[in-house]
Amino acid sequence: MADATDYSQLPDGPTIKGKLSRDDIMMRGGMLVIALYLIITLAFPLYAMLSKSFSTYRFELSQYEFQISDEDGVFDGTVLNGAELNQQTGAIDELDLSAGSDGRIGVTGLFPDFSFRSPVLYQIRNTSDTGRFLVGSTLQDGTDWVTLDSNTFRRVQLRPVKSTGFDNFVNYFSTPALFNSIKNSLWIAVVSTIVTVILAFWFAYALNRSCMRYKGVFRLIAMAPILVPSLLPGIALVYLFGNQGMIKELLFGASIYGPIGIVIGSIFFTFPHAFIIISTALAISDARLYEAAASLRATRWRTFWTVTIPGARYGLISAAFVVFNLVITDFGLPKVIGGQFNVLAVDIYKQVIGQQNFEMGAVVSVVLVIPAIFAFAIDRLVQSKQVALLSARSVPYQPQPDKRTDTISFIYCAFVGLFIVGILAVCQFAALIKFWPYDLSLSLNNYQFDKMDGGGWGSYYNSIKLGLLTAVFGTAIVFFGAYLVEKTNGFRTGRALFQMFAMLPMAIPGMVLGLAYIFFFNNPSNPLNAIYGTMAILVICSVTHFYTVSHLTAVTALKQMDREFESVSASLKQPTMKLFSRVTVPVCLPSILDISIYLFVNAMTTVSAVVFLYSPKTSLASIAVLNMDDAGDIAPAAAMGMMIFYTNAAARIIHLIVSKGVLTRTQAWRTR
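Each chain has its residues counted from 1, running along the sequence as written. Thresholds applied to this predicted model are a pLDDT of at least 70 for local features of residues and 80 or more for the giving and counting of side-chain atom pairs; totals over whole chains, interfaces and linings are not thresholded and use all residues. Side-chain measures were taken over the full set of non-hydrogen atoms in the model, leaving aside hydrogen atoms and water.

**Topic: the overall build of the protein chain**
Working step 1: Each helix is a run of DSSP H or I of at least 4 residues and each strand a run of E of at least 2, with the numbering of both proceeding from the N terminus. The helix and strand tally for the protein chain stands at 24 helices and 13 strands.
Working step 2: When its C-alpha atoms are laid out on the principal axes, the protein chain stretches across 105 × 90 × 50 Å.
Working step 3: A simple rule labels every residue: compare its accessible area, found with a 1.4 Å probe on the protein chains alone, to the largest value its type can have, and call it buried under 20%, exposed over 50%, or partly exposed in between. Taken over 672 residues, the protein chain has a buried fraction of 50%.
Working step 4: Contacts are assigned to residue pairs with any non-hydrogen atoms lying within 4.5 Å of each other. In the protein chain, the share of contacts with a sequence separation of at least 24, taken over all contacts with a separation of at least 6, comes to 78%.
Working step 5: Areas reported as accessible are Shrake-Rupley estimates using a 1.4 Å probe. Residue values count occlusion only from the protein chains shown. Of the roughly 33200 Å² of accessible surface on the protein chain, a fraction of 62% belongs to carbon and sulfur atoms.

**A few points about empty space enclosed by the protein**
Working step 1: Grid points spaced at 1 Å and placed over the protein atoms alone form the basis of the search, with a cavity being a set where a 1.4 Å probe fits but cannot get out and a pocket an open set showing protein on both sides within 12 Å along at least five of seven lines. Lining residues have an atom within 4 Å of a point. Grid points are joined across faces, edges and corners, and a volume is the space filled by probe spheres set on the points. Tallied over the entire structure, the rule returns one cavity of 30 Å³ or more.
Working step 2: Its boundaries defined by the atoms lining it, the largest cavity holds a volume of some 50 Å³.
Working step 3: Together, Ser-185, Ile-188, Ile-262, Val-327, Ile-328, Asp-330, Pro-334 and Val-343 line the largest cavity.
Working step 4: Elements with a minimum of two residues in the lining of the largest cavity: helix H5 (176-209) and helix H10 (300-329).

**Digging into a nonpolar patch on the surface**
Working step 1: Judged by side-chain polarity, Val-190, Ile-194, Val-195, Ile-198 and Trp-202 come together as a nonpolar surface patch covering roughly 400 Å² of accessible area.
Working step 2: Relative to the elements of secondary structure, Val-190 occurs in helix H5. Residues forming no salt bridge and having over 30% relative accessible area are the ones grouped into patches, like charges within 9 Å of each other and nonpolar side chains (Val, Leu, Ile, Met, Phe, Trp, Tyr) within 5 Å. Basic side-chain nitrogens of Lys or Arg form a salt bridge, by our definition, when they fall within 4 Å of a carboxyl oxygen of Asp or Glu.

**Things to note about the side chain of Asp-330**
Working step 1: Among the secondary structure elements, Asp-330 is positioned in the loop between H10 and helix H11 (332-337).
Working step 2: The side chain of Asp-330 is buried and forms no salt bridge, while Lys-335, the nearest opposite charge, is found at 12 Å.
Working step 3: For Asp-330, the contacting residues outside a window of four places in its chain are Ser-230, Phe-269 and Ala-345. Neither His nor the chain termini are counted; the positive set is Lys and Arg, and the negative set is Asp and Glu.

**Brief notes about unusual backbone geometry**
Working step 1: Residues other than glycine seldom take positive phi values, yet Tyr-214 does so here, at roughly 60°.
Working step 2: As for its placement among the helices and strands, Tyr-214 is situated in the loop between H5 and helix H6 (215-223).

**A word on the sheet that holds strand E1 (residues 55-58)**
Working step 1: We call two strands paired when DSSP finds no fewer than two bridges between them. Read from one edge to the other, the open sheet built from three strands follows the order E4-E1-E11, with strand pairing classed as antiparallel. Each edge of the open sheet is held by one strand with a lone partner, namely strand E4 (98-99) and strand E11 (161-164).
Working step 2: Bridge analysis of E1 against E4 gives two bridges, and the strand direction is antiparallel. Looking across to E4, one finds that Arg-58 is bridged to Ser-98.

**Regarding helix H19 (residues 547-559)**
Working step 1: An expected span of 1.5 Å times one less than the residue number is assigned to each helix. For H19, spanning 13 residues, the distance from its first C-alpha to its last is 18 Å, which sits close to the expected 18 Å at 1.5 Å a residue.
Working step 2: Tucked into the core, H19 has its buried residues touching helix H1 (22-53), helix H15 (457-487), helix H16 (492-503), helix H18 (535-545), helix H21 (576-587) and helix H22 (589-605).

**Description of helix H9 (residues 287-295)**
Working step 1: Of all the positions in H9, only Ala-287, Tyr-290 and Ala-293 are classed as buried. The arc that holds every buried residue of H9, seen down its axis, measures 120°, which confines them to one face.
Working step 2: Buried-residue contacts for H9 involve H5 and H10.
Working step 3: Looking one or two residues past H9, Arg-297 carries a phi angle of roughly 55°, positive in sign. Here the arc refers to the directions that run from the helix axis out to each C-beta atom.

**What about the confidence of the model for the protein chain?**
Working step 1: Here the protein chain averages 85 in pLDDT, and 95% of its residues register 70 or above.
Working step 2: pLDDT is a residue-level measure of predictor confidence that goes from 0 to 100. The element-level mean pLDDT for the protein chain is lowest in E4, coming to 74, with H18 highest at 94.

**Describing the layout of surface pockets**
Working step 1: One number sums up the size of the second largest pocket: a volume of about 860 Å³.
Working step 2: Around the second largest pocket, the lining comprises 31 residues; the ones closest to its centre are Tyr-205, Arg-209, Arg-300, Tyr-397 and Thr-405.
Working step 3: Mapped onto the lining of the second largest pocket, the elements with two or more residues apiece are H5, H9, H10 and helix H14 (403-432).
Working step 4: Here the lining of the second largest pocket gets six residues from one element, more than from any other, and that element is H14.
Working step 5: The class makeup of the residues in the lining of the second largest pocket is 17 nonpolar, eight polar and six charged. Throughout this entry, Asp, Glu, Lys and Arg are counted as charged residues, while Ala, Val, Leu, Ile, Met, Phe, Trp, Tyr, Cys and Pro are counted as nonpolar. The remaining residues, Gly among them, count as polar.

**Some words on the pattern of salt bridges**
Once the charged atoms of two side chains with opposite charge are near each other, the side chains can pair.
Working step 1: Summed over all chains, the structure comprises six salt bridges.
Working step 2: Note that Lys-52 and Glu-359 form a salt bridge whose closest N and O atoms lie 3.7 Å from each other. Linking Lys-52 in helix H1 with Glu-359 in helix H13 (residues 358-384), this pair joins segments that are 307 residues apart in sequence.
Working step 3: Given the relative accessible area of 23%, Lys-52 is considered partly exposed.
Working step 4: Among the residues examined, Glu-359 registers a relative accessible area of 0% and is labelled buried.

**Topic: the sheet that holds strand E3 (residues 80-81)**
Working step 1: The strand order across the open sheet formed by four strands is E3-E2-E6-E9, and the pairing between neighbours is antiparallel. Only two strands of the sheet have a single partner each, and these edge strands are E3 and strand E9 (146-149).
Working step 2: Across two bridges, the pairing between strand E2 (residues 64-68) and E3 is antiparallel. Looking at the pairing, Phe-66 lines up with Leu-80 of E3.

**Side note on the nonpolar core**
Working step 1: In this structure, Tyr-172, Phe-203, Ile-278, Phe-331, Phe-498 and Phe-612 are the most contacted members of the largest nonpolar core, which totals 169 residues.
Working step 2: Among residues more than four places away in sequence, those in contact with Phe-498 are Met-31, Ile-34, Ala-35, Leu-38, Gly-481, Val-485, Tyr-547 and His-551.
Working step 3: Grouping buried Ala, Val, Leu, Ile, Met, Phe, Trp, Tyr and Cys residues that are joined through side-chain atoms within 4.5 Å yields what is termed a nonpolar core. Membership of the second largest hydrophobic core comes to 23 residues, among which are Phe-59, Ala-99, Leu-110 and Val-120.

**Thoughts on the side chain of Gln-63**
Working step 1: Positionally, Gln-63 belongs in the loop between E1 and E2.
Working step 2: Residues in contact with Gln-63, not counting those within four places in the same chain, are Arg-125, Asn-126, Thr-127, Ser-128, Thr-130, Gly-131 and Val-161.

**Some details on the environment of Leu-466**
Working step 1: As for its position among the elements, Leu-466 is in helix H15.
Working step 2: Expressed as a C-alpha distance, the spacing of Leu-466 and Thr-41, which sit 425 residues apart in the sequence, is 17 Å.
Working step 3: Each residue touching Leu-466, except ones within four places of it in the same chain, is listed here: Met-535, Leu-538, Val-539, Ser-542, Ala-603 and Leu-620.

**Some details on the packing of H10 against H13**
Working step 1: Every axis corresponds to a line fitted to the C-alpha atoms, with the helix fit spanning only the stretch in contact, and the corresponding angles, defined between N-to-C directions, vary from 0 to 180 degrees. Close contact between H10 and H13 brings their axes to 10 Å; oriented N to C, the two are set at 165°. If you check the angle between H10 and H13, you find them roughly antiparallel. For H10 against H13, the interelement crossing comes out left-handed. Note on element contacts: H13 touches H10 through Leu-368, Pro-371, Ala-372, Ala-375, Phe-376, Ile-378, Asp-379, Val-382 and Gln-383, opposite Tyr-314, Ile-317, Ser-318, Phe-321, Phe-324, Asn-325, Ile-328 and Thr-329.
Working step 2: Of the residues assigned to the contact of H10 with H13, the class counts are 12 nonpolar, four polar and one charged. Oblique is the label for any angle not under 35 degrees, not over 145, and not in the 65 to 115 range, which are roughly parallel, roughly antiparallel and roughly perpendicular in turn. Definitions for this section: a left-handed crossing has its near helix turned counterclockwise from the far helix by less than a right angle. A right-handed crossing has that turn clockwise.

Right, dumping it as structure tokens:
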């Protein structure tokens, strides 16, 4: 009979904690440093923006008192309160009492008999220390009476008092023009997402499931839109379908300035993002499923719906949410071709730049973040449920030649390719002609950026500088952070928090991040205020904005390395940093180069994240495109956009050449 010892009665033993090595301490310290970077450059600015959205400014009329003299300038001692006067006259509407931090409101409306030519004198004072009013440009914040003649009294303006509350949100949702932006943004994002995903799916299907020719060329063409700022398709559409467009008759009288233009442009610039994701999903398939379907004599249409679509469903869902997120948060395209069709991202720009109403800009940002975070969260939830479709026993699917399928696929890809190349060709054409549509002779006048309003060659060089700095520092920060979070022993809570901060930038639209940086870094009490308006803040903002994709790329590469490398290194008593520099970095070099070119290209094309942060000395090429378009210099804007395209294309080519050379030297082990 077995011994029936009751182990639950044994006393608890001492808790044994492993001793941290010097390398462990260094790695945890390094991870905390990079986590601190993300907190300072992401969490704190977002908190500042959120706080700003709840900062309300209101005119408290009860804090002002008035006296009126007779025509001889004698006051009888009657004191009139501002709130009571407004109640009697109804001069100022209740909604107008809520304002921004720079709000001002005149007082003469409280006095129906006021005339600036009258000999009557007026006295005004604050009843509390928080009251403030302006006489001309002079601020009066005391509680003493100020005596003014009628002509001066008309220059008196009250200033709002700061408080905290939901007034900004109430104002936002009670303003029809602003509230319609939510509906417009959602409508545009949904329509663009449906059309883009369908087009990208069939394009990816043609490349992966047919034997048509020139697949490599079509793949390169499909990726071209990623090299240009989102404003460029808007300019091309103006030349094609604008008031003097080349083929405006094809719209049958409809206007390109509005939802039609935004949808077409959105399809252009989000197409490569959807194509990459769906193509990756379609590239992984098990040929045995298709063989089973053929054995069961299933039709091609039935096989498509029962085998192909289920296999690619996670890619389709992910592509849909990525496109939705890109469209609803994009600022450049609606700004160029949106006309009077308001969307959320443009509303932020109008509130901040146009009306200097930063509080309302923060409110719109909060509203914009909600659908972006919602789409991001659903995408992550769906991706977490994805299981491997390809097992060790799977047989890779190889498409078989089929003349009919190959011909249809080629015609379809040619049509999509023509659309993409056509947009770029129109921009290049616009950049090279003298004056559309009156003088079509070729000229390089549009490239004389220094003579244009809104930007010069200095902006172009600043963009290259920003791209290089972002690529160098961003790659170092991102890869080192990913290495620390992936290879650090224990410290599970800290690593989970780090992962959360690393994933957060993907859900934050560029406009929101840029506005948050204003609130945080432009605060004089912030020790980091010195970097505001410099190239440093543009680099920091770009690295933070594009952190998540780079981080995921680095983590994916690091996961391919077995942890036995660390065990062997520890057994040999080799420092972790030596392992990092001599093994990890060379093995992950392809991913490191991919991260660097990703950061460079995106830093060259970004508009939304930096539109609030540049200074005259740090103006960028993408901002110059926006400013020149605003100034009516559309052809020079197209020329600058094409310069960005050619620079990014050249960077890609250099990246390929350098990668090939470097990888040949450092990745020889992969071919053994």
